[in-house]
Amino acid sequence: MSDGKEQQSAMEEAIARLVANGRLTRRDFLRRAGQGGAYVGGALSLSAILAACGISPAASPSAASAAASAAATSAATPEPTPVPTPAGELNFANWPLYIDVDDNGNHKTLQDFTAATGIKVTYTEDIEDNQSFFGKIQPDLAAGNDTGYDLMVLTDWLIGKMVGLNYLEQIDIPTFVPNFTAHAGDKYKNPSYDPNNAHSVPWQSGITGIAYNPKLTKRPITSLDDLMDPAFKGHVGMFTEMRDTMNLALLWIGVKPLDATMADVQKAQQKLLDQANAGMVRQYYGNEYADALAKGDLWVTMAWSGDIFQLQFDNPDLQFVVPTQGGILWVDNMCIPMKAQHPVDAQMMMNFVYQPEIAAQITEYVNYICPVPEAQAIIKQHATDAKSGGDSETADYLNAVADSPLVFPTADMLSKVYSYKVLTEDEEKQWNDLFQQVVQG
Amino acid sequence: MLRRLRWAVPYLLLTPGGLWLAIFFALPMLLMASVSLQTGSLARGYTLVWNFGIYPDAIIRWHVQIIRSLEYGLIATVLTLVIGYPMAYTIAFRGGRYKNILLLLVILPFFTSFIIRTISWKFVLADQGILLGTLKNLGWLGESFHLIATPIAVVSGITYNFLPFVVLPLYVALEKIDPALIEAATDLYASRFRAFLRVTLPLSLPGLFAASLLSFIPAVGDYVNALLLGSRDTTMIGNVIQVLYLQNNDYPQASALSVVLMAGLLIGVIVYQRMLGGEELTAG
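Keep in mind it's a predicted model, so treat the numbers as computed, not measured. (Residues numbered from 1 in each chain as written. Chains lettered and ligands numbered in written order. Predicted model: local features only at pLDDT ≥ 70, side-chain atom pairs only at ≥ 80, totals over all residues. Heavy atoms only, no water.)

Trainee: Is there a simple way to think about the interface of chain A and chain B in this case?
Mentor: Reports often express the size of an interface as the amount of accessible area lost when the parts come together. In this assembly, 49 residues from chain A lie in contact with 48 residues from chain B. Summed over the shared surface of chain A and chain B, the result is two salt bridges. At the surface where chain A touches chain B, the tally comes to ten residue pairs in polar contact (both at pLDDT 80 or more). Only helix 1 (3-19), helix 2 (26-52), helix 5 (130-142), helix 11 (262-277), strand 6 (281-285) and helix 19 (425-439) of chain A provide two or more residues apiece to the side of chain A that touches chain B. With eleven residues, the top contributor of residues to the side of chain A that touches chain B is helix 2 of chain A. Considered class by class, the residues forming the side of chain A that touches chain B number 21 nonpolar, 18 polar and ten charged. (Contact = heavy atoms within 4.5 Å. Salt bridge = Lys/Arg side-chain N within 4 Å of Asp/Glu carboxyl O. Polar contact = N/O pair within 3.5 Å; in protein donor to acceptor, adjacent residues only side chain to side chain. Helix = DSSP H or I, 4+ residues; strand = E, 2+ residues; numbered from the N terminus. Nonpolar A, V, L, I, M, F, W, Y, C, P; charged D, E, K, R; others polar.)

Trainee: What's the story with the nonpolar core in this structure? I'm lost.
Mentor: Nonpolar side chains in soluble globular proteins generally cluster together in the buried interior. In terms of nonpolar packing, the biggest core is built from 154 residues, with A:F92, A:M152 and A:M162 touching the most fellow members. Excluding anything up to four places from it in sequence, A:M162 contacts A:F134, A:I137, A:L141, A:M152, A:L154, A:Y167 and A:L168. (Core = buried A, V, L, I, M, F, W, Y, C linked by side-chain atoms within 4.5 Å. Buried < 20%, exposed > 50% of the residue type's maximum accessible area, 1.4 Å probe, protein only.)

Trainee: In this structure, what is going on with helix 9 (residues 192-203) of chain B? I would like to understand it.
Mentor: What sets the pattern is the α-helix's 3.6 residues per turn: residues three or four places apart point alike. Residue and element names in this part refer to chain B. Relative to the 16 Å expected for twelve residues at 1.5 Å per residue, helix 9 spans 15 Å between its end C-alpha atoms, a close match to the ideal helical length. Turning to helix 9, its buried residues are A195, V199 and T200. In an axial view of helix 9, the angular spread of the buried residues amounts to 85°, which keeps them on one side of the axis. Facing away from the buried side of helix 9 by more than 90 degrees, the exposed set consists of F193 and R198. Here the buried face of helix 9 lies against helix 3 (63-94), helix 7 (151-176) and helix 8 (179-187). (Expected span 1.5 Å × (residues − 1). Arc of directions from axis to C-beta.)

Trainee: Looking at this structure, how should I read the packing of helix 10 (residues 205-221) of chain B against helix 13 (residues 251-276) of chain B?
Mentor: Between two packed helices, what matters for the description is the angle formed by their axes and the separation of those axes. Residues and elements named next belong to chain B. Closest axis-to-axis distance for the helix 10/helix 13 pair is 12 Å, and the angle between their directions is 165°. With respect to their mutual orientation, helix 10 and helix 13 come out roughly antiparallel. Crossing of helix 10 against helix 13: the hand is right-handed. Contact with helix 10, carried on its side by L205, F209, S212, L213, F216, I217, V220 and G221, involves L261, L265, V269, Y272, Q273 and L276 of helix 13 and no other residues of that element. Of the residues that constitute the contact of helix 10 with helix 13, the class distribution is eleven nonpolar, three polar and no charged. (Axes fitted to C-alpha atoms, helices over the stretch in contact; angles between N-to-C directions. Parallel < 35°, antiparallel > 145°, perpendicular 65-115°, else oblique. Left-handed = near helix turned anticlockwise from the far one by under 90°.)

Below, the structure written as structure tokens:
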């Protein structure tokens, strides 16, 4: 097959995926949203400025939640006695394409939840980026107002930051979320960013590691040092996401992120600068690195596990590894903002998705790392069912999901991954300054 | 009654546009200028401290990107004019009955989003893509040769994206020129080239002025091309502002840079207009 043809089919495929209503990963979607988002930037920054000036736009809770707020006030603090009762409503903010959806746009998981509990869910895909979503809700939280959301999915470092700012409600795991204790993987309990899961439980997670194309590298990649191999000059991809790149650089110099001192961070930055100055790095990427990898522009790159799992369907050659020095396990968590109107309903949702059957249902669609190990056997069972039902295509797909170490990582992989360091505001500023010197030159 | 209110008509006509400018331009500009002088963080809140020092600091910290943006903007503008002028000239003087179709072809790319078109460039110029992949297979280029992530790709992208903005005003200016003037010049023994230099070119100056601004100003502030086609060595000031606003939430510094960019461009435009002779242009 000629290169031209390959390109054309890649293009057709990209367009087909753009218009298709089918399976599309969250980050796949974000890659496009991010590019479109470039245009939205102006509008966003204006609202951010308004926020910065203390002109906070009025919180606009939906009419429904306003109506129910009176009923829910008694349930504001989840204490064991008297046991608060659900209000019958839930406003749930999540990332795009981060829950199962069928061709008619229905979310079966949410329908099942409503059927089981009677709680009506208003589900919005309002979160496209941690930083800008935080910028949007922060003025309300700072002013002690309801944000209009009861349940949100945010990445671990932001959870850590918001816990520090006292922006999150406590959750009562023994009373409301027993399924978490019963079914969550050990790696997901008592995380450094939220001790004892006092405010959050994981939704999905993923690993930041290295992906490569063995046809182009012509050898297996195992170590972060391979990102410095002169043979790959100009074909190495790194991320614009400050936390991913800086924490990985810390692992590169042999420092566990949680133990990092400022001196370590500077050394890590020097490593990244050396790499950039040696002309190794082709570009610093957002979500669009996956396209560059698929097209062959990148030979070896920092990567998110979920993306590579998706890319492998079209490019079975592509490999993902957790480097010998370690990788990052990032976790997106469900949490409840302060002054939420329906905190009990939110915790019931947390409990609901920790049933292995429901966890499997979500993972079958989103393909990120599932915090419920038992879901693997259930997906396998679904595959067997599909096979005996004559649908071998679905069976193959489900088997691929259940067997992939990118969805259910091996114990060896999990032993080598670390969390992001949770940063204070001053640290964050210093890290940002150091990192921008690397990325912007 | 109505006759007496005549004096108010121009004001009434200006009101919608004026309000629009006030709400969506003047007010945000003031807010931005104010934010640039504040200190604080998203979590702690901001206070106005009249921190004028942020301006020299920001300019010094990011001078490389500022200069690079002006450089790229200038090169792209010159390229758009070099490519666009002959195009506009041909359409205006030789277009005949195809004029409208040719003009439609010039604006046809606008039917697709700017972003999509720039992403298509990534496909066209990809290392193993239609162009480079073929040349590499033929052995004309080395395996590691690439165009994406180089200044050439970024400047080409900007040139491509702003070309129609140059062709249209140039066309309008050229189209208005009375061919009789050129004929008169040639009748007086001017060569065709001399007639162009002495008649056509000066008469098209207003269009040239508008075209160069319509290309240069957005090109300097552009960040989409550098983001999609560039690398760290092609970072433009727009990219810095975007990252500072959206990724670092460093609103004061981002605002300061935005103000610097706008003020710098404004001063540049005024000087440019003086140089080219404002009278002629506004009269044109």
